Amino acid sequence: MPIPGPGYAITVRVEAPSSSSAAGDLAVAVGNVGGVVTAFDVVESRTDAIVVDISCNALNSEHAEEITAALGAVPGVTVRKVSDRTFLIHLGGKIEVSSKVALRNRDDLSRAYTPGVARVCQAIAANPSDARRLTIKRNTVAVVTDGSAVLGLGNLGAAASMPVMEGKAALFKRFANVDAWPVALDTQDTEEIIRTVQVIAPAYGGINLEDIAAPRCFEIERRLRELLDIPVFHDDQHGTAVVVLGALRNALRVVHKSISDAKIVVCGVGAAGSAIIRLLASEKPGEVLAVDIDGIVHASRPGLDENLTSIAAQTNPTDRSGSLADALVGADVFIGVSAPNLFGADEAATMADDAIIFALANPDPEIDPSVAMQHAAVVATGRSDYPNQINNVLAFPGVFRGLLDAQAHDITDRMLLAASAAIADVVAEPNASFIVPSVFDQSVAPAVADAVRHAAQEAAAAGEVTAGL
């Protein structure tokens, strides 16, 4: 069962009688409707009444309203105001620009701006590669979206995508000291997106594509990689794939199985599922079956688009057909990046002994995690209220830190696999409840960055990509 969490935290200001039982009555009222009190602050006290701010965690917006109503129903209590604590931290946005140089006097201004800046501009014009050394390009990433696939919410558009893009930029800074900036494009035309990113690229050392719907995202990433001399990374594809593969390495260690013998079912073949399948192929798994809304993907299935045709060529060597339930029979691993509540206990019971289930649909997984835990040896989700959270923040800050430090011009599977191995290796002794590190583990981003930097240098030395050092 989900538990109330900080994503739906509220602070309710109430006026209550100044009796000895007031605090207890208010706490009981919250508890009776399943809320969790996280703070109780008296902001005003009089002889006849007290004014209290009660902070609570709720399950969802409706539950928050239920908690508020319960407080208002306590005899003698008046609800003055309700604040949604999530909305409060978004007021005015979550990121800002700050100057790295002091502008205290005319001398400072003359060097940072005119006339001194002219010489720097001329140096870059004479040697364009100096932009990586003398401008923000050295440490700056554009977080680009068209708002067509925002989280699990769908096509919300550019403006509504901004809170997510700001959050992404904040995570870049917090975990890898990368300066990232949201670029929300008010267009969903593939050619217009490609051209727009191409013309703004000189200011950035990397492009992070985010929340762009499939199949458009595949074409945009492919074309931008061809056009630009900086790394282009679609986090919904490759960030997810990197973390999933790292977690799978450790999960297989826990159950003492080899990936070369494993039968793996990947449910969902959009951006994330396609990238997971492609990166898995580098590890030569025993068998991979891809499943979408129409069942098992196979080469002879009619109506395959370009992406599904590619998926069919990489998976299902015996051309099996059937449903998700059919695919799960005897499977060692289930990886879901699709939709909620697709299967239950009966289907999970048909999987192989010591099965691994990664049910990553958010906020509601493909199978209830508590049910999955009854039938699988290792269970992971995308949620923070269960063990083994598969979260892209384990990958993208360190990946870009390594790419920027190597001054890489591209990103390859060698680098993605290195990042994946680095995430797995942070967990020295994995167990069923600990196959990936915490997102707040300070060692993750540096380890990933170091692995990617070395892989980029090796790739450059081998002639696979170019990199400036």
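Per chain, the residues get numbers from 1 upward, laid out in the order the sequence is written. Residue-level local features of this predicted model are given only where pLDDT is at least 70; pairs of side-chain atoms are given and counted only at 80 or more, and the full residue set underlies all totals for whole chains, interfaces and linings. The basis for every side-chain value is the complete set of non-hydrogen atoms in the structure, without hydrogens or water.

### Quick look at the domain arrangement of the protein chain
1) Next: Source of the domain bounds: an automatic or database domain assignment. Examined at the domain level, the protein chain breaks down into domain 1 (9–90), domain 2 (101–135), domain 3 (139–230) and domain 4 (255–468).
2) Next: Distance from the C-alpha centre of domain 2 to the C-alpha centre of domain 4: 45 Å.

### A closer look at the layout of surface pockets
1) Next: Cavities and pockets were defined on a 1 Å grid built over protein atoms only: a cavity is a set of grid points that admits a 1.4 Å probe from which the probe cannot escape, a pocket is an open set flanked by protein on both sides within 12 Å along at least five of seven lines, and lining residues are those with an atom within 4 Å of any such point. Grid points are joined across faces, edges and corners, and a volume is the space filled by probe spheres set on the points. Approximately 1,100 Å³ is the volume attributed to the second largest pocket.
2) Next: Along the walls of the second largest pocket sit 30 residues, with S98, K100, T135, I136 and D179 positioned nearest its centre.
3) Next: A run of DSSP states H or I qualifies as a helix once it reaches four residues; a run of E qualifies as a strand once it reaches two. Both are numbered from the N-terminal end. Counting residues per element, the ones that place at least two in the lining of the second largest pocket are α4 (106–112), α5 (117–126), α6 (131–134), α7 (158–176) and β6 (179–184).
4) Next: With four residues, the single largest contributor to the lining of the second largest pocket is α5.
5) Next: Under the scheme applied here, ten amino acids are nonpolar (Ala, Val, Leu, Ile, Met, Phe, Trp, Tyr, Cys and Pro), four are charged (Asp, Glu, Lys and Arg), and all others, including Gly, are polar. Split into classes, the residues belonging to the lining of the second largest pocket amount to 16 nonpolar, six polar and eight charged.
6) Next: Two domains share the lining of the second largest pocket, each providing at least three of its residues, namely domain 2 (101–135) and domain 3 (139–230).

### Thoughts on the side chain of D235
1) Next: You can see D235 is positioned in helix α10 (residues 235–255).
2) Next: Relative accessibility under 20% of the residue-type maximum defines a buried residue, over 50% an exposed one, and the middle range a partly exposed one, all with a 1.4 Å probe and only protein chains included. Residue class for D235 comes out buried when judged on its relative accessible area of 0%.
3) Next: By definition, residues are in contact when any of their heavy atoms lie within 4.5 Å. When residues no more than four places from it in sequence are discounted, the contact partners of D235 are K168, N208, L209, E210, T240, N392 and F396.

### A short note on the sheet that holds strand β1 (residues 5–17)
Adjacent strands of a sheet pair through backbone hydrogen bonds, lying either parallel or antiparallel.
1) Next: Any two strands are treated as partners once DSSP identifies two or more bridges connecting them. Here we have four strands laid out as an open sheet, ordered β2-β3-β1-β4, and antiparallel in their pairing. Strand pairing shows two members of the sheet lacking a second neighbour, β2 (36–45) and β4 (78–84), which therefore form its edges. If you compare each strand with its neighbour and ignore which way they point, the axes differ by 20 degrees on average.
2) Next: As judged from the ten bridges shared by β1 and strand β3 (residues 49–58), these two strands associate in the antiparallel manner. Looking across to β3, one finds that P17 is bridged to A49.
3) Next: Contacts from helix α1 (residues 22–32) reach β1, β2 and β3 within the one sheet, and its direction differs from that of β2 by about 145 degrees. Convention adopted: a line fitted to C-alpha atoms gives each axis, helices being fitted over their contacting stretch, and angles between N-to-C directions are expressed from 0 to 180 degrees.

### A word on the sheet that holds β6
1) Next: Spatial ordering of the open sheet is given by β6-β5-β7-β8, a layout of four strands whose pairing is parallel. The sheet is open, and its two borders are formed by β6 and β8 (232–234), each paired with just one other strand. Averaged over all neighbouring strand pairs, the angle between strand axes comes to 25 degrees, with direction disregarded.
2) Next: Bridging between strand β7 (residues 206–209) and β8 involves three bridges; their strand directions are parallel. Bridge assignment links I207 to a residue of β8, and that residue is V232.
3) Next: Contacts between helix α9 (residues 216–227) and the sheet are confined to β7 and β8, with β8 contributing the most and set at about 165 degrees to the helix.

### So, the UniProt feature "domain: Malic enzyme NAD-binding" (unreviewed entry) in the protein chain
1) Next: UniProt positions are given in the numbering used here, feature names are shortened, and annotations may be inferred rather than shown by experiment. As recorded in UniProt, the sites labelled "domain: Malic enzyme NAD-binding" (unreviewed entry) are residues 237–457.
2) Next: Between the C-alpha atoms that bound residues 237–457 the distance is 23 Å, and the span itself is 42% helix and 11% strand.

### Concerning α9
1) Next: Working rule for helices: expected span equals 1.5 Å times residues minus one. The end-to-end C-alpha distance of α9 is 17 Å, a good match for the 16 Å that twelve residues give at a rise of 1.5 Å each.
2) Next: For α9, the full list of buried residues reads R216, C217, F218, I220, E221, R223 and L224.
3) Next: At its buried positions, α9 is contacted by α8 (190–200), β7, β8, α10, α11 (271–281) and α12 (306–314).

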